[in-house]
Protein chains: 2
Amino acid sequence: MITQLSSSSLLWQYPISLPLLRPTKFTTQINNKSKTVTSYDHKLCWQEELKVQDKHTDDESFQRIVDKRCVDNVRMLVVDSVQHAKTGHPGMALGMAEVGYVLFRHVMRYNPGNPKWFNRDRFLLSAGHACLLHYVCLHIAGFQSLQLGSRTPGHPENVVTDGVEVTTGPLGQGVANAVGLALAEAHLAARFNKPDVVLVDHRTYCIMGDGCAMEGISHEAASLAAHWKLNKLTLIYDDNHSTIDGHTNLAFSEDICARFKALGWNTVTVENIHDNMDSFKDALSYAFTEYQKPTLIRVKTIIGKLSEKEGTSKAHHGTFTEDDVRRMRQKVDWSEREPFHVIPMVYREMQIQTDHGERMEEEWYSKLNYYQSKYPEEAAEFKILLNGGLVHGWETSLPKWSASEPVDATRGYSEKCLNQLAKVLPGLIGGSADLASSNKAYLHDYKDFSQPNSPWGRNIRYGIREHAMAGISNGLALHGSGLIPFAATFLTFSDYMKNSIRLSALSHAGVIYIMTHDSIGLGEDGPTHQPVEQLAGLRAVPRLLVFRPADGNETAGAYKVAVANRDVPSLIALSRQKVAAHLEGTSASGVERGGYIVSDNSGKDLPEIILIGTGSELCLCEGSAKTLRKEGRRMRVVSLVSWQLFAQQPKEYKENVLPARVSKRVSVEAGSPMGWREYVGGQGVVIGVEEFGASGAYLDTFNKFGFTQENVTRIAKSLLRE
Amino acid sequence: MITQLSSSSLLWQYPISLPLLRPTKFTTQINNKSKTVTSYDHKLCWQEELKVQDKHTDDESFQRIVDKRCVDNVRMLVVDSVQHAKTGHPGMALGMAEVGYVLFRHVMRYNPGNPKWFNRDRFLLSAGHACLLHYVCLHIAGFQSLQLGSRTPGHPENVVTDGVEVTTGPLGQGVANAVGLALAEAHLAARFNKPDVVLVDHRTYCIMGDGCAMEGISHEAASLAAHWKLNKLTLIYDDNHSTIDGHTNLAFSEDICARFKALGWNTVTVENIHDNMDSFKDALSYAFTEYQKPTLIRVKTIIGKLSEKEGTSKAHHGTFTEDDVRRMRQKVDWSEREPFHVIPMVYREMQIQTDHGERMEEEWYSKLNYYQSKYPEEAAEFKILLNGGLVHGWETSLPKWSASEPVDATRGYSEKCLNQLAKVLPGLIGGSADLASSNKAYLHDYKDFSQPNSPWGRNIRYGIREHAMAGISNGLALHGSGLIPFAATFLTFSDYMKNSIRLSALSHAGVIYIMTHDSIGLGEDGPTHQPVEQLAGLRAVPRLLVFRPADGNETAGAYKVAVANRDVPSLIALSRQKVAAHLEGTSASGVERGGYIVSDNSGKDLPEIILIGTGSELCLCEGSAKTLRKEGRRMRVVSLVSWQLFAQQPKEYKENVLPARVSKRVSVEAGSPMGWREYVGGQGVVIGVEEFGASGAYLDTFNKFGFTQENVTRIAKSLLRE
């Protein structure tokens, strides 16, 4: 009745590859309708497998036996993987086997054939080190990238493995991501659902460990989830009393349910999931009845369940002794089976759920067709989002500035760009960490996202929670629904969300970070608020595009690149203070190359000296160049608005902008000198800030640190004299 | 009866200077004993000032009238300061005037004549933007640095202003700092107090705003405070319902008292402090009766109290209209007074408390004398701490390694250093964020800090709370009691605590950050855990010393510098994987110079090429050099273990290590190339990591990214051929 499963006993290399292949042929043989679980042949096969003779067992009781056996198999795959890889984190994967199995077998709506189906339920493993559990569930459910030659990194990465929604591992991040996914769902549901067609309607499940529960980011995100009434978010807390260093009572003595209740959550505790999977199903049912609050399900589990290390922190990571493995196998009647054995019926069992998911996806497309015919306008917008959020010609909406217009701070230009973009980009959504007015990151034509009043609002009020803001923005970007999230705060406070920004880059989340007050030029708030080293640190993050535009046209250029690159995060550093002028030579197209010539009077000759600036200091270069040109000097001014983009340019282009033969160079940026030597060369001068800033008015502060046209001119002259 | 107060009406420049001088002469005229408040002349003067005729008012009621008038004066100083400076954050300073006044006048034990008195109560303003309130209280209490030519930065900085314990402004940090101060007190009390002499016994008060309450770091720190039973910590929450962007209900709907209760706090709410200061005093009394829990006092206030903007977020920051100022002055009967007026009796009123503090300090020194005679051994240790924690010759305890000893990971060497240091440095205390075993940052001869079992323990279990760990470590360092805190996690997770690390540097907190798993060399955990850009970002932080030692002797050298520099934070990056060897040329004295020659066969000639390495990659340089020397090449190997220290060396020394004439240079570091151009010059080659890492075994990962001896040799050869 079932085709041969020869591959199921192949070795599973971890974390490198998974040469274990789920058979697909039997699918044609048991292509029964929904609720296959009760069908005669399926049950018969299981009875054969389980050697259960009594055919009169009622279906519900029988399903319990089946579920238990499937969980045994999940655990054995976890054990075999760790033993084979000689590394890994089995403890939580074993303890949470029931949770993973129940979600993937009985609860979640998904289709392994199309892991990106829009209306799928989302599953996140915030405690990413338990990735083995996720990988095993994805494998038995039939996800392609978990089959032969599987892609199983040490912590889950969405850009590597299908079925993984976000990249987790750094603790707590997944909780914030989950809030972002649930927020996306709530927002889009409000915008697009109609009384007769519900297009957007999925749940978000997130597993959180003790570590996630302790991290500040999960607290911030949880507070927002309740404030936003994200009732379709279910957080499953693995309460196993163990962390790496020992029992949680070393450092954790909270009443976690009371804490979540205080934030506005619905909470429920599952006392004994290992002997009673139904209790977890009941808890989920309880969560489904909740229409105002997110739900925390606290599941008491035994870490490393089965192993002799069970219940102790020793089970957290590392391999098992051979004796231990033997005993575990005995306990679940697995002694006769080869490593990596999968009971064929386990695959068939999972198939019931995935068949169901496949049908739901089909139904969803029918709904979408109906929606298109009945609500063509909304459908058109929805399709734009499904296709990634960009519309043809969107970039023409970006404002342009001419020299005659009044000058502003670059944060002011950013405000104009953002508000113009919002009109043409239906997915543009975001907010700030209680600095909307200072960051000028507010979409004036759109309301606040607020439940139940205006969930369609596209301004998000994050409160003073930078870390959660960035983690939630990653969730918004990775929801896969064309949302283009922006997140704003002061550049200094990028420090609060550094890891989430890194994860934007690692997980290809096209978040746009709007970081104002980008230098000591912010003035009176003083050194605690004045960024110095932040630009350097952020420029070093792989894949992150950092921009520091000098005026309106460069700001527009930064937005052009940021919006266009939907799988790359961008960070736009903007001034608090007014910049000196609209510079003649700046342009959006220049920004696209990262660095370019803003002005040059050298004609066919090479310039005698190159002044390189960014942001509010570019005008100091330009002013100084004008002065020296009057003295007959050949001066070039270069804007190095995005180091990363410039680095990507062809060698010839870079040589054209910064010719190797011109060794007299001065860089001017009110930030750490770190990295500038790359551009000014060994003989150039870096004008930067090597200490913390100072409390004072903007001009006084700039003066104190040498950011004046006079000082730039003085230094340029001294180089020219050499 | 009171000396002339001519200076009290001078202008107060803000944030630059405070030309307001508190008179000191009258102190000799009213040097009454404790409880001066009830003495005849003091009351008489107040009656004169207040024009209260009824001499029969009972003392308690009269004190209420006096307190109210003092608070009026505090508010008027806040208003005048903002108006004069044309900038600032008056809202919270006005709303919390009663809180500040009550603490400084009636509650806290301190002596402005010696702001650093060991046993003083500590006051922290986590909501640092309300610094005006703090500055005004410090001024009227007589702190020297708040008098003429005052030092009043835009946010409070302990290194600028006496009476400011820590540097705050970035929200939430102060809460963690306060937990650190309270932890220091509890720990030292357990170590040194005797039944007959209580040497260590102070309270810690911290004001927290809505922003602090929302930030994850405050949640993490609050959870630990309760776990550690820090009953002498009082957190005063300014519940004013306003943030910059508007009403807190935009983003905040928690039941904050329930939340803190769930964490294990004692909580109490003060409903109407503006009309009833006694209710706040009562809440404090309630906190004093608590012997197990820290206390949260939720004080409902009106932001911008008095102004027409009161109760709205408009009062958060910015100046007032002239009309508004006029009305405010009318409301408190202040119309006739000049700007910056201080009622002379306000100074005298504060003097009662500071006289009391002065006497307590005197008594404390008597106690200390008695303690010295009765407990000479403990007293000797206590004195070491009071003097900063270092003992003569402490550095000789650092281990040395010879070439014959088994090699280890640098985290292993670190463990040995730390444990040797613990024996000679009584103030060495610290822990990790649930990675003690991985970071190898555990003092094996000392217990865990745990209440009530072992509060004298010197290992701190932070749980998975990196941000709070760093903030608490800052508090430990700035307690001023010779504690030398260390804080450990994986280098990648320095991202979680970046702002606190920055504040260590800004506030001169000599925290030692132990960051293991310092490169892609950590292997299997994959890119989420592999640092790439972190070193670059941290090296850019002003004043922070970053070390990446290559072997045991360099690790010892890093500790030598880190411990010796008590007002500079250090960060030691350490490998997870074993390093290849004990290198012959490495030395602690070399580390002290930041960069130095490890080996060179050039004799009197210059080397043909310089290989520069750090950490686990230095041995690749050394190995490659050996190979090429066999081929007759003149090779130099340089360890650049601390960029910051190297930068501080004299020009001649730097030229000696990296002669300008040797342009063939290769740097080898498994991290971002950012910043390396400074050392390899325009013609050198930087071997670095420009993308995220990969999941795999250590050697596979190193191989993938070119960190092999063969690759270094290949690149060196190609340079030599040029």
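From a predicted model like this one, the values you see are computed outputs, not experimental measurements.

**Q** Any details on the overall build of chain A? Residues and values, ideally.
**A** A tally of regular secondary structure across chain A gives 26 helices and 18 strands. A compact globule built from 722 residues would reach a C-alpha radius of gyration of about 27 Å, and chain A, at 29 Å, matches this within 12%. If you line up chain A on its principal axes, its C-alpha atoms span 100 × 60 × 50 Å. Expressed as a percentage of its 722 residues, the buried residues of chain A come to 68%. The long-range fraction of contacts in chain A, counting pairs at least 24 apart against all pairs at least 6 apart in sequence, stands at 77%. Across chain A, the centroid of the 78 positively charged side chains sits 4 Å from that of the 81 negatively charged ones.

**Q** Please provide a residue-by-residue account of the packing of aromatic side chains, values included.
**A** Within this structure, the stated rule accounts for 44 aromatic pairs over all chains. These aromatic residues form a ring-pair network of at least three members: F118(A), F192(A), W364(A), Y365(A) and F382(A). In this structure, R337(B) is placed above the aromatic ring of W334(B), and the distance from its NZ or CZ to the ring centre is 4.7 Å. Across from the ring centre of Y446(B), 4.1 Å away, lies the NZ or CZ of R458(B), which sits over that ring.

**Q** Can you lay out the confidence of the model for chain A for me, pointing to particular residues and giving the numbers?
**A** Residue and element names in this part refer to chain A. On average, residues of chain A carry a pLDDT of 93, and 94% of them reach 70 or more. Counting contacts from residues 1-19, a segment whose pLDDT is below 50, to residues more than four positions away or on other chains yields 87 contacts. For residues 25-38, every residue scores under 50 in pLDDT, and the model assigns this stretch 26 contacts once sequence neighbours within four places are set aside.

**Q** Can you tell me about the nonpolar core, naming the residues and giving the values?
**A** Formed by 157 residues in total, the largest nonpolar core has its most connected members in L611(A), F707(A), L611(B) and F707(B). Beyond its immediate chain neighbours, meaning those up to four positions away, F707(A) contacts I520(A), E617(A), L620(A), V668(A), E669(A), A670(A), I687(A), G688(A), V689(A) and F702(A). Counting 152 residues, the second-largest nonpolar core is a separate cluster that includes L50(A), V74(A), W228(A) and L385(A).

**Q** Account for the interface of chain A and chain B, naming residues and giving values.
**A** Every contact between the two is made by 89 residues of chain A and, on the other side, 89 residues of chain B. In total, chain A and chain B occlude about 7300 Å² of area from one another, counting both sides; carbon and sulfur atoms represent 57% of this. Interface area lost by chain A to chain B is led by Y496(A), R502(A) and F692(A), which between them contribute 10%. At the surface where chain A touches chain B, the tally comes to eight salt bridges. The partner of R677(A) in a salt bridge is E678(B), and the shortest N-O contact between them spans 3.3 Å. Our count for the chain A to chain B interface comes out at 49 residue pairs in polar contact (both at pLDDT 80 or more). Considered class by class, the residues forming the side of chain A that touches chain B number 34 nonpolar, 31 polar and 24 charged.

**Q** Lay out the pairing of strand β16 (residues 635-639) of chain A with the relevant residues and their values.
**A** All names here are of chain A. Counting buried positions along β16 yields five of five residues, so the element is predominantly enclosed. Here β16 shows no split at all, with M635, V637 and S639 on one side and R636 and V638 on the other all buried. Both strand β14 (residues 596-600) and β16 contribute to a ladder of four bridges, which runs antiparallel. Bridge pairing in β16 links S599 to V637. Examined bridge by bridge, strand β15 (residues 609-613) and β16 share five bridges and lie parallel to one another. Across the sheet, residue L611 finds its bridge partner in β16, namely V637.

**Q** Kindly report on the UniProt feature "domain: Transketolase-like pyrimidine-binding" (unreviewed entry) in chain A, identifying the contributing residues and their values.
**A** Feature annotation in UniProt places "domain: Transketolase-like pyrimidine-binding" (unreviewed entry) on residues 408-581 of chain A, given in this structure's numbering. The span residues 408-581 of chain A shows a helical share of 34% and a strand share of 16%, and its end C-alpha atoms are spaced 8 Å apart.

**Q** Give a description of the side chain of H582(B) that names residues and reports values.
**A** Residues and elements named next belong to chain B. You can see H582 is positioned in the loop between β13 (570-573) and α20 (588-592). The exposure class assigned to H582 is buried, which follows from its relative accessible area of 9%. Within polar-contact distance, the side chain of H582 engages the backbone oxygen of E405 at 3.2 Å. In terms of polar contacts, H582 uses its side chain to reach the backbone carbonyl oxygen of P406, at 3.4 Å. Leaving out residues up to four positions away in the same chain, H582 has contacts with W401, S402, A403, E405, P406, V407, Y413 and D551.

**Q** Let's hear about the packing of helix α6 (residues 173-192) of chain B against helix α13 (residues 376-386) of chain B: which residues, and what values?
**A** Geometrically, a packed helix pair is captured by the angle between its two axes and the distance between the axes. Residue and element names in this part refer to chain B. Taken N-terminus to C-terminus, the directions of α6 and α13 make an angle of 155°; their axes are 11 Å apart at the nearest point. Relative to α13, the element α6 is oriented roughly antiparallel. Seen from α6, the contacting residues are L188, R191 and F192; seen from α13, they are E378, E381, F382 and L385. Of the residues that constitute the contact of α6 with α13, the class distribution is four nonpolar, no polar and three charged.

**Q** Describe the sheet that holds strand β1 (residues 122-125) of chain A, with residues and values.
**A** Residue and element names in this part refer to chain A. With parallel pairing, the five strands of this open sheet are ordered in space as β1-β2-β3-β7-β6. Edge positions in the open sheet fall to β1 and β6 (266-270), since each of these has one partner strand only. In this sheet, adjacent strand axes meet at a mean angle of 15° when their direction is disregarded. In the sheet, strand β3 (residues 233-239) pairs with strand β7 (residues 295-300) via six bridges, with the strands oriented parallel.

**Q** Explain the UniProt feature "binding site: thiamine diphosphate" (unreviewed entry) in chain A to me, using residue names and the numbers behind them.
**A** All names here are of chain A. In the numbering used here, UniProt assigns the feature "binding site: thiamine diphosphate" (unreviewed entry) to H129, G169, P170, L171, G211, N240, H316 and F493. Spanning 365 residues, the named residues are also spread out in space, since their farthest C-alpha pair is 34.1 Å apart. Examined against the element boundaries, N240 turns out to sit in the loop between β3 and β4 (242-243). In contact with N240, not counting residues within four places along its chain, are D210, T301 and I303. A distance of 3.0 Å separates polar atoms of two side chains, one belonging to N240 and the other to D238. Relative to the assigned elements, H316 resides in the loop between β7 and α11 (322-331). What H316 contacts, discounting residues up to four positions off in sequence, is H89, P90, G91, H129, T243, I244 and I303.

**Q** I'd like a description of the packing of helix α4 (residues 97-107) of chain A against helix α12 (residues 344-374) of chain A, backed by residues and values.
**A** Residues and elements named next belong to chain A. At a closest axis distance of 7 Å, the pairing of α4 and α12 adopts a crossing angle of 55°. By the criterion of interaxial angle, the relationship of α4 to α12 is oblique. Where α4 abuts α12, its residues Y101, F104, R105, H106 and V107 lie against E349, M350, I352 and Q353. Looking at the contact of α4 with α12 residue by residue, the class counts come to five nonpolar, two polar and two charged.

**Q** Could you give an account of the domain arrangement of chain A, with specific residues and numbers?
**A** All names here are of chain A. In terms of domains, chain A is made up of domain 1 (19-359), domain 2 (394-573) and domain 3 (588-721). Taken residue by residue, the interface counts 29 residues in domain 2 and 35 residues in domain 3. When the area that domain 2 buries against domain 3 is broken down by residue, the three leading residues are I520, R539 and R548, summing to 28%. Summed over the shared surface of domain 2 and domain 3, the result is three salt bridges. With a shortest N-O distance of 3.1 Å, E592 and K560 are connected by a salt bridge. Counting every contact that joins domain 2 to domain 3 gives 16 residue pairs in polar contact (both at pLDDT 80 or more). Put simply, the parts of the chain that give the side of domain 2 that touches domain 3 at least two residues each are α18 (534-539), β12 (545-547) and α19 (552-564). The biggest single contributor to the side of domain 2 that touches domain 3 is α19, with six residues. Of the residues in the side of domain 2 that touches domain 3, the class split is 15 nonpolar, seven polar and seven charged.

**Q** Can you lay out the pattern of salt bridges for me, pointing to particular residues and giving the numbers?
**A** Within this structure, the stated rule accounts for 72 salt bridges over all chains. As a salt-bridge pair, R327(B) and E308(B) come within 2.4 Å of each other at their nearest N and O atoms. Note that R327(B) is positioned in helix α11 (residues 322-331) and E308(B) in the loop between β7 (295-300) and α11, a separation of 19 residues in sequence. On the basis of relative accessibility, which here comes to 48%, the residue E308(B) falls in the partly exposed class. Connected through shared salt-bridge partners, E60(A), R64(A), D67(A), D278(A) and K281(A) make up one network.

**Q** Could you give me a rundown of the relation of the copies chain A and chain B, with the residues and numbers involved?
**A** When chain A is fitted to chain B, the best match, at an RMSD of 0.0 Å, comes from turning it 180° and sliding it 0.0 Å along the axis. Taken together, the rotation angle and the small translation identify this as a two-fold axis. The overlap is high: 100% of the interface residues of chain A also sit at the interface in chain B, so the same surface is used on both sides.

**Q** Which residues make up the state of the cysteines, and what values go with them?
**A** What we call a disulfide is simply a covalent bond connecting the sulfur atoms of a pair of cysteines. Inspection of every chain in the model, using the stated rule, returns zero disulfides over all chains. Here C45(A) is not disulfide-linked; the sulfur of C70(A) is the nearest cysteine sulfur, at 13 Å. The exposure class assigned to C45(A) is buried, which follows from its relative accessible area of 8%. Of all cysteine sulfurs in the structure, the one in C621(B) sits closest to C619(B), which takes part in no disulfide; the separation is 8.2 Å. Given the relative accessible area of 15%, C619(B) is considered buried.

Thresholds applied
Residues numbered from 1 in each chain as written. Chains lettered and ligands numbered in written order. Predicted model: local features only at pLDDT ≥ 70, side-chain atom pairs only at ≥ 80, totals over all residues. Heavy atoms only, no water. Helix = DSSP H or I, 4+ residues; strand = E, 2+ residues; numbered from the N terminus. Rg over C-alpha atoms; globule rule 2.2 N^0.38 Å. Buried < 20%, exposed > 50% of the residue type's maximum accessible area, 1.4 Å probe, protein only. Contact = heavy atoms within 4.5 Å. Lys, Arg positive; Asp, Glu negative; His and termini not counted. Charge placed at Lys NZ, Arg CZ, Asp CG, Glu CD. Phe/Tyr/Trp six-rings, centres within 6.5 Å; stacked < 30°, edge-to-face > 60°. Lys NZ or Arg CZ within 6 Å of the ring centre and 35° of its normal. pLDDT = per-residue confidence, 0-100. Core = buried A, V, L, I, M, F, W, Y, C linked by side-chain atoms within 4.5 Å. Buried area = accessible area lost by both parts, 1.4 Å probe. Salt bridge = Lys/Arg side-chain N within 4 Å of Asp/Glu carboxyl O. Polar contact = N/O pair within 3.5 Å; in protein donor to acceptor, adjacent residues only side chain to side chain. Nonpolar A, V, L, I, M, F, W, Y, C, P; charged D, E, K, R; others polar. Pairing = 2+ DSSP bridges. UniProt positions renumbered as here; feature names shortened; annotations may be inferred. Axes fitted to C-alpha atoms, helices over the stretch in contact; angles between N-to-C directions. Parallel < 35°, antiparallel > 145°, perpendicular 65-115°, else oblique. Domains from an automatic or database assignment. Least-squares fit on C-alpha atoms with pLDDT ≥ 70 in both. Disulfide = S-S within 2.5 Å.

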